[in-house]
Amino acid sequence: MVEMLRFRRDPLGFVENYSHRSPSGVFRLPWGAWCVGDSDLALVVLRDPAFNTGTAPFFGDLLPSRPAQNDFGHAVRNLVRARLPEYRVNMAKAAAELPEASQWPATGAMLVYRCTADLLLQPDASPTLRRSMEQAVRVGSLVRAPHMWQRALVEMRRPKLKPMVVELVTARRREGIPADEPRDLLDTLIAVCPDEVTSRELADLYLLMFLSIVGTVGHSVAWSLLLACLHGRPRSSWPWPADWIAREAARHRPVVWMVGRSVPRPTEFGGVPFQPGAVLSVSPYLLHHDENRWTRPGVFRPERWAEPGEHGPYVPFSSGPFICAGAAVAQTMISDALTALADGAHLTVTGGDLRPFVTNAAICRPFVLHRTTKPRGGPSRREGGEQP
Ligand code: HEM
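A brief structural summary. As the structure is a computational prediction, the values presented were derived from the model and not from experiment. (Residues numbered from 1 in each chain as written. Predicted model: local features only at pLDDT ≥ 70, side-chain atom pairs only at ≥ 80, totals over all residues. Heavy atoms only, no water.)

In this structure, the iron atom of the ligand receives exactly one donor atom from the protein: Cys-324 (SG), at 2.3 Å. With respect to the helices and strands, Cys-324 occurs in the loop between α13 (284-288) and α14 (327-342). (Donors = N, O, S within 2.8 Å, 3.2 Å for Na, K, Ca; no water. Helix = DSSP H or I, 4+ residues; strand = E, 2+ residues; numbered from the N terminus.)

Below, the structure is given as structure tokens:
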């Protein structure tokens, strides 16, 4: 109980502290799960076939086989990649329309949603479902809220998306989908999922992707923005390319903070005996802050991405056979959002705090982004001009 309270107060400091105190590199978390703190052992868990046979835990039992999971991942990745130019145009417009002060991280998910809404569901497919998806983003239902009262509030206001998606899947499966080009993510999933996947399972898969594309990318944009604004030179443009900022933010504050693998057979790992079914968790945060593998890992330093030999274990998208299928497109989406937000504008934040809220994801605490547009070639509206 006391340990849980300590964990809640400072989750990342807590696991770091436990990891430092554990001589074997494997330690127990307050809720009973095991965490692999040692970087080499953690990479074995993610990459070794012994822990990565069968199907990927990401999908639960929604898809029947590993080949079906692979096909699914590639199809979603290809669709999102093909529509990146449209995302980029939408993002430039959405960033330009932001009010001078916007609330984050909520705005991050909403921006990404607005820029991918047509990709997720073509405009005239189901206005009700589209409105409900937007509402789901607005009430913050894509990531579990940190406090019980917030979760209760979200639960009350959250639209029930699944029955609407099931209905649409059933209708599209009955009517057939265009053979040549998918209209949206739903067509892509219907085309790639084997017939044995039920409409309810397909709806769950669709919502899983909705969460990855909008929630995880949106919260990663929020961290990148906060970190860059807090560490950039005051009253000046960011001194780093957007791509370095996105990479360094995902290192410093990875949104997916734990990834788990089941132990397949009785085994000893890091000197600790495990029974089949026990879960070994790997924390990208711990690997990204390993002082033996990174120079000053506690410092947000985007320039490290241009320095040779400055790359320790980097796993914001996991690693090994079950690595995120959308890693490269997600990285591009985050960088593009940062580029659009910084274009022709002066950005500052107030209320920023680097301690995350940790639930099923590690998200940043609320902050306000002040975005002041700079007249091209002239001083900014609010600050009287950018400093070199
Ligand atoms: C910043 C955004 C994202 C992060 C941090 C992220 C992270 C992850 C992680 C950590 C896993 C693997 C979990 C494991 O090893 O068990 C995963 C799996 C996956 N992600 Fe992402 N993801 C992101 C965005 C996306 C996007 C945009 C897509 C789709 C275009 C996507 C598609 C997938 C798929 C299909 C898998 C399952 C891979 C497989 O097992 O075959 N993700 N993601």
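Next comes the rest of the account.
Pairing in this open sheet of four strands is mixed, and the strands run β1-β2-β7-β4 from one edge to the other. The open sheet has two edge strands with one neighbour each: β1 (26-28) and β4 (259-262). The mean angle between the axes of side-by-side strands here comes to 35°, regardless of whether they run parallel or antiparallel. In the sheet, β4 pairs with strand β7 (residues 279-282) via four bridges, with the strands oriented antiparallel. Each bridged residue has a counterpart across the sheet, and for Arg-261 the counterpart in β7 is Leu-280. (Pairing = 2+ DSSP bridges. Axes fitted to C-alpha atoms, helices over the stretch in contact; angles between N-to-C directions.)

Another point: the pairing of strand β3 (residues 101-104). Of the two faces of β3, the one lined by Ser-102 and Trp-104 is fully buried and the one lined by Ala-101 and Gln-103 carries no buried residue. Examined bridge by bridge, β3 and strand β11 (residues 367-373) share four bridges and lie antiparallel to one another. Of the residues in β11, the one forming a bridge with Trp-104 is Phe-367. (Buried < 20%, exposed > 50% of the residue type's maximum accessible area, 1.4 Å probe, protein only.)

Let's shift gears to unusual backbone geometry. Put simply, Trp-104 and Pro-105 share a cis peptide bond, and its omega is 10°. For Pro-105, the location among the structural elements is in the loop between β3 and α6 (106-120). Here Arg-296, not a glycine, exhibits a phi torsion of approximately 40°, which is positive. On the accessibility criterion, Arg-296 (51% relative accessible area) is exposed.

We now examine the sheet that holds strand β8 (residues 345-350). As summarised here, the arrangement of the three strands in space is β3-β11-β8, forming an open sheet in which the pairing is antiparallel. Edge positions in the sheet fall to β3 and β8, since each of these pairs with one other strand and no more. The mean angle between the axes of side-by-side strands here comes to 25°, regardless of whether they run parallel or antiparallel. Where helix α11 (residues 199-231) meets the sheet, its contacts fall on β3, β8 and β11, and the angle it forms with β8 comes to roughly 95°. Packing against the sheet, α14 makes contact with β3, β8 and β11, and its axis sits at approximately 105° to β8. (Contact = heavy atoms within 4.5 Å.)

The subject of this paragraph is the site of the ligand. Lining the immediate environment of the ligand, one finds 27 residues, of which Ala-56, Arg-66, Arg-261, Ser-318 and Cys-324 sit closest. In the model, an oxygen atom of the ligand is placed 3.0 Å from a nitrogen or oxygen of the Arg-66 side chain. A distance of 2.7 Å separates an oxygen atom of the ligand from a polar side-chain atom of Ser-318. No other element matches α11, which puts six residues into the shell around the ligand. The class makeup of the residues in the shell around the ligand is 19 nonpolar, six polar and two charged. (Near = heavy atom within 4 Å. Polar contact = N/O pair within 3.5 Å; in protein donor to acceptor, adjacent residues only side chain to side chain. Nonpolar A, V, L, I, M, F, W, Y, C, P; charged D, E, K, R; others polar.)

Before going further, it helps to examine a nonpolar patch on the surface. On the surface, a nonpolar cluster with roughly 390 Å² of combined accessible area is contributed by Trp-149, Leu-153 and Met-156. Tracing the backbone shows Trp-149 in helix α8 (residues 148-157). (Patch = residues over 30% accessible without salt bridge, like charges linked within 9 Å, V, L, I, M, F, W, Y side chains within 5 Å. Areas by Shrake-Rupley, 256 points an atom, 1.4 Å probe, with all protein chains shown as cover. Salt bridge = Lys/Arg side-chain N within 4 Å of Asp/Glu carboxyl O.)

Trp-104, Leu-120, Tyr-206 and Phe-210 are the most contacted members of the largest nonpolar core, which has 86 residues in total. Counting residues per element, this core draws most heavily on α11, which supplies 18 residues. If we ignore the near neighbours within four places in the chain, the residues touching Tyr-206 are Leu-120, Leu-121, Met-133, Val-165, Leu-185, Leu-186 and Leu-189. Counting 18 residues, the second-largest nonpolar core is a separate cluster that includes Val-36, Leu-280, Val-282 and Leu-287. (Core = buried A, V, L, I, M, F, W, Y, C linked by side-chain atoms within 4.5 Å.)

A word on the side chain of Ser-102. Inspection of the secondary structure puts Ser-102 in strand β3. A distance of 2.8 Å separates polar atoms of two side chains, one belonging to Ser-102 and the other to Trp-104. Not counting residues within four places of it along the chain, the set of residues in contact with Ser-102 comprises Thr-107, Phe-367, Val-368 and Leu-369.

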